[in-house]
Amino acid sequence: MTSALTYPSPRSPRPERETAETLLHRLDDPVAIAGKTFRSRLMTGSGKYRTVEEMQRSIAASRCEIVTVAVRRVQNNAPGHEGLAEAIDWQKIWMLPNTAGCQTAEEAIRVARLGREMAKILGQEDNNFVKLEVIADPKYLLPDPIGTLKAAEQLVKEGFAVLPYINADPILAKHLEEVGCATVMPLGSPIGSGQGIETAANIRIIVENAKIPVVVDAGIGVPSEAAQAMELGADFVLINSAIALAKNPPAMACAMANAVEAGRLAYLSGRIPVQGGASASSPLTGRVGQ
């Protein structure tokens, strides 16, 4: 009997052997989200930077094509967000408005609509993307699964490409896919915590069963953790705090970009199986003296 969680994978089977050149070429393969293609698999944020200039340099160093923007903070000119919308070249960067700060589904739906209008005002007339965040928990900032699903259903009906931020819950991820979300965005660990990928087992299940792109969002602190997310088979990672709060954000942005490429290449290359014991690197037969 087929498990309810068993679905055909959206990721085409990898050939047994590919040349290194072929694999390197595949790093540039475009990935589609709601019909729009991107080559960079690193998304970045626009908050928490010490200066606007530091943010601009970091975005450039990251080589990203998608930057998420907190709609409410930009519209209210919250500290650190003054002039942010005008500081990014939206002819080159795709805006991902987010509903950060929303505690209910109804609130998130209203802010998503404002985000769509903001994208249009800034020249992205066809931008219907929204990063959906419904967070009622003030201490751990964990997403509300019920509110997220409720808001996602409505926003999909309104023509949004919904990218929901969720706990790494394979069942919820499948429900969100079935209502028409453009991606799912499971957390690696609590947002801004820098704890790394604490939900690897569940992310692996989400990736295995998803027919839409999987974006690992939240908790990544260092490049090795970004690489790990990609090694699990994620299609993208979204990183903000680890870059913006680094001692040298542009350098960290560059490191994250390289790590994402390394992790993707490792995933395509196929890792060796994990074994319980040792396996000699050199053959034990044909040694001198035998």
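In this text, all values refer to a predicted model and were calculated from it rather than measured experimentally. (Residues numbered from 1 in each chain as written. Predicted model: local features only at pLDDT ≥ 70, side-chain atom pairs only at ≥ 80, totals over all residues. Heavy atoms only, no water.)

Asks: Report on the overall build of the chain, specifying residues and quantitative values.
Replies: Secondary structure assignment for the chain yields eleven helices and ten strands. In the chain, which comprises 290 residues, the proportion classed as buried is 49%. Across the chain, contacts joining residues at least 24 apart in sequence account for 68% of those joining residues at least 6 apart. Of the accessible surface of the chain, which amounts to about 14400 Å², a share of 54% is contributed by carbon and sulfur atoms. (Helix = DSSP H or I, 4+ residues; strand = E, 2+ residues; numbered from the N terminus. Buried < 20%, exposed > 50% of the residue type's maximum accessible area, 1.4 Å probe, protein only. Contact = heavy atoms within 4.5 Å. Areas by Shrake-Rupley, 256 points an atom, 1.4 Å probe, with all protein chains shown as cover.)

Asks: Got a sec to walk through the packing of aromatic side chains? Specific residues and values, please.
Replies: One pass over the structure, following the stated rule, counts two aromatic pairs. Ring centres 6.4 Å apart and planes at 70° place the aromatic pair Phe38 and Phe129 in the edge-to-face group. Note that Phe38 is positioned in strand β2 (residues 36–38) and Phe129 in strand β6 (residues 129–132), a separation of 91 residues in sequence. Residue classification places Phe38 among the buried positions, given a relative accessible area of 2%. Classification of Phe129 as buried rests on a relative accessible area of 5%. Centroid distance Trp94 to Phe129: 5.5 Å. Interplanar angle 80°. Geometry classified as edge-to-face. (Phe/Tyr/Trp six-rings, centres within 6.5 Å; stacked < 30°, edge-to-face > 60°.)

Asks: Pulling in residues and values, what's your account of helix α8 (residues 200–209)?
Replies: Regarding α8, the residues found buried are Ala200, Ile203, Ile206, Val207 and Asn209. Packing partners of the buried residues in α8 comprise α7 (170–178), β8 (185–186), β9 (215–217) and α9 (223–231).

Asks: Help me get a handle on the packing of helix α6 (residues 145–157) against α7, residues and values and all.
Replies: It is at 10 Å that the axes of α6 and α7 come closest, and there the two elements cross at 10°. By the criterion of interaxial angle, the relationship of α6 to α7 is roughly parallel. Along its contact with α6, which presents Pro145, Thr148, Leu149 and Ala152, the element α7 presents Leu172, His175 and Leu176. Broken down by class, the residue content of the contact of α6 with α7 amounts to five nonpolar, two polar and no charged. (Axes fitted to C-alpha atoms, helices over the stretch in contact; angles between N-to-C directions. Parallel < 35°, antiparallel > 145°, perpendicular 65-115°, else oblique. Nonpolar A, V, L, I, M, F, W, Y, C, P; charged D, E, K, R; others polar.)

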